[in-house]
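A look at the structure
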Amino acid sequence: MVDAGGPGWERFLPGLSTLRHYDRSWLRGDLLAGLTVTAYLVPQVMAYAVIAGLPPVVGLWGMLGPLAVYAVVGTSRQLSVGPEATTSLMAASALGAVLSVTDAHLRLETAGVLAILVGLVCVVGWLLRLGFLANLLSRPVMQGYLVGVAVLMVASQLGKVTKVGVRGDLPLDQFLSLAGQWRAIHVPTLLVATLSLVLILALRRWLPRWPAPLIAVMAAAAFVALPVGQGLGLATIGDVPVGLPPPNVPSFAGVDVVRLLPWAVGIALVGYSDNVLTARAFASRRRERIDANQELLALGATNLVAGLTSGFPNSSSSSRTVLGDSMGSRTQLHALVVLAGVVLVLLVAAPALATFPTAAMGALIVYAASRLVDVPELVRIARFRRSELVLATVTAVGVVGLGVLSGIGVAVVVSLLDLIRRIATPHDAVLGYQDGLAGMHDVDDYPEATQVEGLVVYRYDAPLFFVNSNDYLTRALAAVDAAAGPVRWMLLNLETAVEIDLTAADALVELQSALAERGITLALSRVKWKTREFLANAGLLQVIESDHVFPTLPTAVAAYEADFVAEHGRPPGRRGPKG
């Protein structure tokens with residue numbers, strides 16, 4: 001967190017502020033977490049580069065700049081930034097959509113351009129303070145999206161784990177392509193992939209603190225190096241450049257920036273949502289604060305530097321974050337330890353990386369895909385509300401059937417439609433008094449509640465605008481029709497009308513007119529000043545007497561009771577909803 005009393009630069013470099021006030025008692029945890037995460041991520045990020053259709057070493061290159069930048073710009077102490085499964089797959093889809101030739105150099109240049117575009121989108125979002133956009137993807141939608149991405153990831157590796165030329169752009173086509181060539185499956189490749197996956201799962205189950213992916217890939221590499229493995233025709237990663245990537249401004253020549261831009265926006269939205277959700281989850285455990293808008297700047301900066309250091313779009317890895325936190329990470333110093341570890345690997349261990357079998361890398365990607373599917377969370381969503389599970393399912397099917405970018409569009413549209421659905425037909429209530437409870441309450445919640453004779457107090461639990469204005473009018477009149485006896489006043493509790501548009505204001509004018517024809521007085525309570533201004537502009541306050549607009553419910557009910565006494569010479573009685 002930023003120290004409010006510190007220098008002004010701490011607002012823009014909160015991570016550096018944390019490091020300035022570093023507590024030496026955190027050092028052991030940060031060092032241990034950094035070393036453990038380094039061992040875990042080396043094969044992982046190389047696999048993510050393969051997902052994107054780039055040389056495996058690009059995954060390591062793509063770690064360097066983001067780790068250094070986020071350590072000083074980010075607001076999360078635990079988040080592990082860099083290449084990640086979802087954004088890697090989206091990058092692969094983007095590159096496949098805009099490139100018509102398989103030129104390795106052009107693909108790497110285009111990946112750098114894409115990262116820069118993602119960074120620029122995020123920086124613009126930070127300037128416009130668009131951090132709220134992460135809320136467009138609800139939890140059920142995000143879970144459904146991750147399920148869809150997991151299927152895409154598995155499908156993308158079918159060729160790697162079988163050594164079959166799998167064709168098709170969508171998972172169904174790819175599975176059908178493999179099914180049609182099942183006789184061509186290279187059994188040794190499939191066995192290496194299967195055993196690598198089993199070893200990863202076994203180590204994660206019984207030795208969770210061990211770097212299971214690294215052990216599995218190294219075991220597969222050792223097998224390939226043995227005489228028995230050399231003659232099986234197993235493919236390996238191949239030559240890995242030794243040394244650090246030079247600064248590189250990718251050429252925009254020959255890159256269709258206009259076609260890349262929608263992909264950049266999609267990657268930015270998904271990557272930012274993932275960053276914020278993960279960062280908030282871990283910050284809440286330590287009562288730390290995440291600045292949502294600053295995270296936009298941090299994501300933008302990490303992608304800009306990735307694009308300038310031969311990298312590709314990145315966001316954050318929840319699995320690496322979990323691993324670092326479990327090993328005691330306290331600040332982004334653990335990320336700087338990871339950075340040093342990756343540098344050492346590139347300078348010293350690059351030749352050893354070249355022996356990693358592609359089948360084992362494919363198995364690692366399949367494992368990463370399985371980690372995206374949170375079955376307990378899906379069960380919780382299903383138990384909470386069936387419509388939430390429908391949202392998740394529709395999103396997953398959209399991603400699998402239409403592709404990543406279209407799937408994001410489906411996710412956003414489905415989220416907005418669900419929001420509109422809930423606001424269009426929200427809960428409403430007729431209010432009454434319940435013995436032993438202060439105030440007025442929904443008579444449906446308290447069947448023994450009583451209402452004031454001749455008074456209907458009505459509340460509509462949503463902002464009022466064109467989508468629900470007709471529903472409001474219909475249900476308000478229905479509340480009058482359902483009253484147990486003659487109605488003298490209808491009192492609208494407008495405390496939830498935090499927003500109101502002209503269509504809804506006109507509906508209230510129409511309600512007043514319909515009530516007047518029945519000899520019923522319309523009164524308003526809990527009217528906010530801004531709402532009062534809108535209602536005046538719509539003409540409602542010109543037909544409602546000023547003494548029928550009240551600041552609170554008690555004052556409104558008291559005014560009604562005084563009016564009743566003046567007319568009938570007695571106070572109004574109390575009765576249940578059914579009389």
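1. What to know about the nonpolar core
- Leu60, Tyr145 and Met153 are the most contacted members of the largest nonpolar core, which totals 104 residues.
- For this core, the element with the most residues is helix H12 (residues 257-285), which contributes 11 residues.
- If we ignore the near neighbours within four places in the chain, the residues touching Tyr145 are Thr86, Met90, Val270, Thr395, Val399, Val404 and Ile408.
- Within the second largest apolar cluster, 35 residues are counted, among which are Leu464, Ala497, Ile500 and Leu508.

2. As for the sheet that holds strand S4 (residues 441-442)
- Across the sheet, which stays open at both edges, the six strands sit in the order S4-S3-S6-S7-S8-S9 with mixed pairing between neighbours. Looking at which strands have only one partner, the edges of the open sheet turn out to be S4 and strand S9 (549-550).
- Two elements, strand S6 (residues 455-460) and strand S7 (residues 489-493), share five bridges in a ladder whose sense is parallel. By the bridge assignment for S7, Val457 is matched with Leu491.
- Of the strands in this sheet, strand S3 (428-432), S6, S7, strand S8 (521-525) and S9 touch helix H24 (residues 553-568), which is tilted by about 175° from S7.

3. Section: the packing of aromatic side chains
- As enumerated under the stated definition, the model contains seven aromatic pairs in all.
- Summarising the aromatic geometry, the rings of Tyr22 and Trp26 are spaced 5.4 Å apart at their centres and angled 85° between planes, so their arrangement reads as edge-to-face.
- Classification of Tyr22 as partly exposed rests on a relative accessible area of 22%.
- Judged by centre distance (6.1 Å) and plane angle (50°), the ring pair of Tyr560 and Phe564 falls under tilted. Here the residue Tyr560 and the residue Phe564 both occupy positions in helix H24, the gap between them amounting to four residues, near one helical turn. Phe564 shares its class with Tyr560; the two are buried.
- When the ring centre of Trp529 is taken as reference, the NZ or CZ atom of Arg532 above it lies at 4.9 Å.

4. Digging into the packing of helix H5 (residues 104-127) against helix H13 (residues 292-307)
- Running from N to C, H5 and H13 cross one another at 160°; their axes reach a closest spacing of 7 Å. When the axis of H5 is compared with that of H13, the two are roughly antiparallel. Crossing handedness for the pair H5 and H13: left-handed. For the pair H5 and H13, contact is made by Gly112, Ala115, Ile116, Val118, Gly119, Leu120, Cys122, Val123, Gly125 and Trp126 and by Asn293, Gln294, Leu296, Leu297, Leu299, Gly300, Asn303, Leu304 and Gly307, respectively.
- In terms of residue class, the contact of H5 with H13 is built from 11 nonpolar, eight polar and no charged.

5. Section: the side chain of Thr395
- Looking at where Thr395 falls in the secondary structure, it is placed in helix H18 (residues 386-402).
- Excluding anything up to four places from it in sequence, Thr395 contacts Val141, Gly144, Tyr145 and Ala411.

6. Considerations on the pattern of salt bridges
- Overall, the coordinates contain 14 salt bridges when judged by the stated rule.
- A salt bridge links Glu388 to Arg422, with the shortest nitrogen-to-oxygen separation between them at 3.0 Å. One end of the pair, Glu388, is in helix H18; the other, Arg422, is in helix H19 (residues 404-424), with 34 residues separating them in the sequence.
- Judged by relative accessible area, which is 9%, Glu388 ranks as buried.
- Look at Arg422 and you get partly exposed, because its relative accessible area is 34%.
- With a closest N to O distance of 2.8 Å, Asp471 and Arg475 form a salt bridge. Here Arg475 and Asp471 lie together in helix H20 (residues 469-481), a separation of four residues that amounts to about one turn.
- Via salt bridges that share partners, Arg385, Glu388, Asp418, Arg421 and Arg422 belong to a single interconnected network.

Cut-offs applied
- Residues numbered from 1 in each chain as written.
- Predicted model: local features only at pLDDT ≥ 70, side-chain atom pairs only at ≥ 80, totals over all residues.
- Heavy atoms only, no water.
- Core = buried A, V, L, I, M, F, W, Y, C linked by side-chain atoms within 4.5 Å.
- Buried < 20%, exposed > 50% of the residue type's maximum accessible area, 1.4 Å probe, protein only.
- Helix = DSSP H or I, 4+ residues; strand = E, 2+ residues; numbered from the N terminus.
- Contact = heavy atoms within 4.5 Å.
- Pairing = 2+ DSSP bridges.
- Axes fitted to C-alpha atoms, helices over the stretch in contact; angles between N-to-C directions.
- Phe/Tyr/Trp six-rings, centres within 6.5 Å; stacked < 30°, edge-to-face > 60°.
- Lys NZ or Arg CZ within 6 Å of the ring centre and 35° of its normal.
- Parallel < 35°, antiparallel > 145°, perpendicular 65-115°, else oblique.
- Left-handed = near helix turned anticlockwise from the far one by under 90°.
- Nonpolar A, V, L, I, M, F, W, Y, C, P; charged D, E, K, R; others polar.
- Salt bridge = Lys/Arg side-chain N within 4 Å of Asp/Glu carboxyl O.

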